[in-house]
Amino acid sequence: MSNTSKCKVCVTGASGFVASWLVKRLLESGYHVLGTVRDPGNHKKVAHLWNLAGAKERLELVRADLLEEGSFDDAVMACEGVFHTASPIITKSDSKEEMLNSAVNGTLNVLRSCKKNPLLKRVVLTSSSSTVRLRDESEFPPNVSLDETSWSSVEFCESIQVWYGVAKILAEKSAWEFAKENNIDLVAVLPTFVVGPNLSPELGPTTKDVLGLFKGETEKFTMFGRMGYVHIDDVASCHILVYETAGARGRYICNSAVLDNNELVALLAKRYPSFPIPKSLPNIYGDQSYGYNTSKIRELGLEFKGVEEMFDASVESLKAHGHLLERTP
Ligand SMILES: NC(=O)c1ccc[n+]([C@@H]2O[C@H](COP(=O)([O-])OP(=O)(O)OC[C@H]3O[C@@H](n4cnc5c(N)ncnc54)[C@H](OP(=O)(O)O)[C@@H]3O)[C@@H](O)[C@H]2O)c1
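Thresholds, definitions, all that
Residues numbered from 1 in each chain as written. Predicted model: local features only at pLDDT ≥ 70, side-chain atom pairs only at ≥ 80, totals over all residues. Near = placed C-beta within 6 Å. Helix = DSSP H or I, 4+ residues; strand = E, 2+ residues; numbered from the N terminus. Nonpolar A, V, L, I, M, F, W, Y, C, P; charged D, E, K, R; others polar. Pairing = 2+ DSSP bridges. Axes fitted to C-alpha atoms, helices over the stretch in contact; angles between N-to-C directions. Contact = placed C-beta atoms within 7 Å.

Structural notes on the site of the ligand
Thinking step 1. Close contacts around the ligand come from 28 residues, with Gly13, Gly16, Phe17, Ser87 and Gly204 the closest.
Thinking step 2. When residues of the shell around the ligand are traced back to their parent elements, those giving at least two are helix 1 (17–28), helix 5 (96–115), strand 8 (193–195) and helix 9 (205–214).
Thinking step 3. Among the elements that take part in the shell around the ligand, helix 1 stands out by supplying three residues, more than any other.
Thinking step 4. In the shell around the ligand, the residues fall into 13 nonpolar, 11 polar and four charged.

Dropping the structure here:
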């Protein structure tokens, strides 16, 4: 852990699953962190942040909402760097309009605040691998290794009603356009499915999916098909690395391993025999063989933790918060 005092940075949506771990790592490396949340007085949502090492000395939480114009002005004005992670995540109740409004207009809202800050050095946007791979897979050559030049198709996402994909593609594209027009130094991190410890006792959407799988639910991971997985600690490290590396530019895919859903459940069922994890899942997409080329971020020095390590950490955290009970096989 570094005790070197560093500058002040803003993390939007600080109480979220990914952002909380990022705040933890930023505090550990000596940054002053100004986190935005929708309700700083909501003890249930923010208590875990106040328990982080360094929080009492170097964490501030302020209120900001993506849907309120100018809401981020004060938070961003005080900072040299901004990590924009806040975004609505897939839930069944989210309509296309709600998703797009918070993701696209919310991102532009944050960037408009950034534009007003003459001392701002860099903005790191948390995008998603959903902006890279969601296309008709028959267009991909077998075993294609997707890199940062690849963009998902909005039309394809609309045709399968994946509004999260549409929202993330349009949010990232709007961010690039706005940053270019307004001379903002922007870098984007594109994580695949994030796995690891949940700092808050309230579970984030992807951790709920992992919990479901460990309880025997099949629907979500059947629908996910072949997917990339990454440890939450690597996602946080990736954000900090691209913020601190002066020469970092453009998009960075952040992925450890890509697995077919059947490969994943076979690995998990064997590793955690005391949980009713399905041993196989229906294959609804036929043969899928895509992978990700992560050489760009690895060239900056990031080494990815393996799938076993990320699920071990997730399981330990789910047990610690009482979501998973150890059972006799
Ligand atoms: N988890 C993954 O597997 C994954 C993979 C790739 C990319 N990502 C990206 O990582 C980021 C964080 O995701 P996550 O998994 O950590 O989800 P999460 O736990 O649901 O966090 C999302 C955060 O966004 C905030 N938010 C949503 N709508 C908002 C609004 N109108 N105004 C202000 N804040 C708002 C939420 O605040 P409240 O707490 O107030 O609801 C929450 O703190 C997102 O940009 C997501 O697209 C995640």
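Let us keep going from here.
Concerning the sheet that holds strand 9 (residues 227–231)
Thinking step 1. With respect to topology, three strands assemble into an open sheet ordered 8-9-11, the strand pairing being mixed. Every other strand in the sheet has two partners, leaving strand 8 and strand 11 (257–259) as the edge strands with one partner each. Between one strand axis and the next, the sheet turns through 35 degrees on average, direction left out of account.
Thinking step 2. Bridge count between strand 8 and strand 9: three bridges; the pairing is parallel. From the neighbouring strand, phenylalanine 193 faces strand 9, where its bridge partner is tyrosine 229.
Thinking step 3. Seen against the sheet, helix 11 (residues 232–244) touches strand 8 and strand 9 and runs at an angle of roughly 75 degrees to strand 9.
Thinking step 4. Sheet strands touched by helix 14 (residues 307–320): strand 8, strand 9 and strand 11. Its angle to strand 9, the strand with the most contacts, is close to 65 degrees.

Function-wise, these values are silent; they only describe arrangement.
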